[in-house]
Amino acid sequence: MIYSILSFILSFIISFGRQISVIAKVEKGLWFFHDYELKRILFTRFSLIFAAFALYQNPDNRFVVELSIATFLLLGFAFFFDMTYIFPEINRVDKTWASSININENTRIIGLTIGQKGGCHPALISWFHA
């Protein structure tokens, strides 16, 4: 059963990792999406091997079968709906001092400070959510 979970996690990363790292500007995600095509092929192969091994070990387990089907669907999504144009590769994350940014005083921001480090992004909330 652990192999089916591993295969699903790998397929989820292949399918939605690019979108998550672009939207959230996750700097740790930059490593994975550098040379993305090679890593996508390797992760896809491992995911398929893990799913096949899980199905071989537990062909009667409904959870394993359903998770393997979800894995195949995610991998199909990743290859047929490559969202390179919607979610382009991030090559770097720009960091700027808050004092050097000109923003409208009515702009809503979301900020987070942990220890001595902090960051903020403009809140992407439409008027009817406010």
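Everything here concerns the structure above.
Rules and cut-offs
Residues numbered from 1 in each chain as written. Predicted model: local features only at pLDDT ≥ 70, side-chain atom pairs only at ≥ 80, totals over all residues. Heavy atoms only, no water. Phe/Tyr/Trp six-rings, centres within 6.5 Å; stacked < 30°, edge-to-face > 60°. Helix = DSSP H or I, 4+ residues; strand = E, 2+ residues; numbered from the N terminus. Buried < 20%, exposed > 50% of the residue type's maximum accessible area, 1.4 Å probe, protein only. Patch = residues over 30% accessible without salt bridge, like charges linked within 9 Å, V, L, I, M, F, W, Y side chains within 5 Å. Areas by Shrake-Rupley, 256 points an atom, 1.4 Å probe, with all protein chains shown as cover. Salt bridge = Lys/Arg side-chain N within 4 Å of Asp/Glu carboxyl O.

1. So, the packing of aromatic side chains
The full count for this structure, using the stated rule, is four aromatic pairs. Consider the rings of tyrosine 3 and phenylalanine 50, whose centres lie 5.8 Å apart with planes at 35°: the pair is tilted. Here tyrosine 3, found in helix α1 (residues 2-24), pairs with phenylalanine 50, found in helix α3 (residues 36-57); they are 47 residues apart in sequence, far enough to count as distant. Look at tyrosine 3 and you get partly exposed, because its relative accessible area is 29%. On the numbers, 4.8 Å between centres and 90° between planes, the contact of tyrosine 3 with phenylalanine 53 is edge-to-face.

2. Observations concerning a nonpolar patch on the surface
Residues Met1, Ile2, Ile5, Leu6, Ile9, Ile13 and Phe63 make up a contiguous nonpolar surface patch of about 580 Å² in total accessible area. For the nonpolar patch, the element with the highest residue contribution is α1, accounting for five residues. What makes phenylalanine 63 partly exposed here is its relative accessible area of 39%.

3. Side note on the pattern of salt bridges
Here the structure, examined in full by the defined rule, presents one salt bridge. Note that arginine 62 is salt-bridged to glutamate 66, the shortest N-O span being 2.7 Å. Placement of both arginine 62 and glutamate 66 in helix α4 (residues 62-80) is noted, with a separation of four residues, approximately one turn of the helix. A residue is classified by how much of its surface remains accessible, and arginine 62, at 64% relative accessible area, is exposed.

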